[in-house]
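What follows is the residue order along each chain.
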Amino acid sequence: MKKFFRPLMVICGLLTAACCLAACSKPPEGKVIVTEAEFFIRQDTPHSWNIDAVGKVQNVGEVDLRRVVITGRCRSCGEMLVSGAWFISDVEKRADQQYIVNYLPVGAEETFSFRDVAFLMDQAGIAPNEMPENLEIEIVSFETVKK
């Protein structure tokens, strides 16, 4: 009985070590970067203006991605409606305020566009002279495609 116990323990120990090493291996990761981004002002009504965005994102990760959600943020805009000042809405983003890329293979680039990153209302109807500071494109989420 002792003859079989020792080799069996060695084999079990080696299998356990192999499983631990396999579990520690790093899975392939996805990564999306913004390669181009442009913001522009669009007049919505005679007294209100919005900032819209267009650009491109690229998958620079190791795996294909799906459901890449892209939106815009204005870090310097307020959350209160004040005449003549840029503001943002603090509610969840609507469908037209984000762009979803259904499938993005490794190395591929996709064009996006969405509306209403920030808002400005002016009772006098005076058009804004400049964009607010700290406008940025944000990759909200994505899922990796398992092969």
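Calculation criteria
- Residues numbered from 1 in each chain as written.
- Predicted model: local features only at pLDDT ≥ 70, side-chain atom pairs only at ≥ 80, totals over all residues.
- Heavy atoms only, no water.
- Helix = DSSP H or I, 4+ residues; strand = E, 2+ residues; numbered from the N terminus.
- Pairing = 2+ DSSP bridges.
- Axes fitted to C-alpha atoms, helices over the stretch in contact; angles between N-to-C directions.
- Buried < 20%, exposed > 50% of the residue type's maximum accessible area, 1.4 Å probe, protein only.
- Polar contact = N/O pair within 3.5 Å; in protein donor to acceptor, adjacent residues only side chain to side chain.
- Contact = heavy atoms within 4.5 Å.
- Salt bridge = Lys/Arg side-chain N within 4 Å of Asp/Glu carboxyl O.

### Details of the environment of asparagine 134
Mapped onto the fold, asparagine 134 is located in the loop between strand 5 (109–121) and strand 6 (135–144). It is 5.7 Å that separates the C-alpha atoms of asparagine 134 and serine 76, two residues lying 58 residues apart in sequence.

### Topic: the sheet that holds strand 2 (residues 48–59)
Taken in spatial order, the 3 strands line up as 1-2-5 in an open sheet, and their pairing is antiparallel. Of all strands in the sheet, those with a lone pairing partner are strand 1 (32–45) and strand 5, marking the two edges. In this sheet, neighbouring strand axes are inclined to one another by 20° on average, regardless of whether the strands run parallel or antiparallel. In this structure, strand 1 lies alongside strand 2, joined through 12 bridges in antiparallel fashion. When the sheet's bridge partners are listed, glutamate 36 is paired in strand 2 with lysine 56.

### Observations regarding the side chain of threonine 71
Residue placement: threonine 71 occurs in strand 3 (residues 65–74). Overall, threonine 71 belongs to the buried group, its relative accessible area being 1%. In terms of polar contacts, threonine 71 uses its side chain to reach the backbone carbonyl oxygen of glutamine 97, at 2.7 Å. Apart from residues lying up to four places away in sequence, threonine 71 is in contact with Lys93, Gln97, Gln98, Phe114, Glu136, Ile137, Glu138 and Val140.

### Some remarks on the pattern of salt bridges
By the definition in use, this model includes 9 salt bridges. Residue lysine 56 is joined to glutamate 36 by a salt bridge in which the shortest nitrogen-to-oxygen separation is 3.9 Å. Taken together, the positions of lysine 56 in strand 2 and glutamate 36 in strand 1 put the pair 20 residues apart, joining distant regions of the chain. The residue aspartate 116 makes a salt bridge to arginine 42 at a minimum N-O spacing of 3.1 Å. On the criterion of sequence distance, the pair formed by aspartate 116 in strand 5 and arginine 42 in strand 1 is long-range, its members being 74 residues apart. When sorted by exposure, aspartate 116 lands in the same class as arginine 42, which is buried.

### Re unusual backbone geometry
The phi angle at arginine 67 is positive, at roughly 50°, despite the residue not being glycine. Mapped onto the elements of the fold, arginine 67 is located in strand 3. When its relative accessible area of 41% is taken as the criterion, arginine 67 is described as partly exposed.

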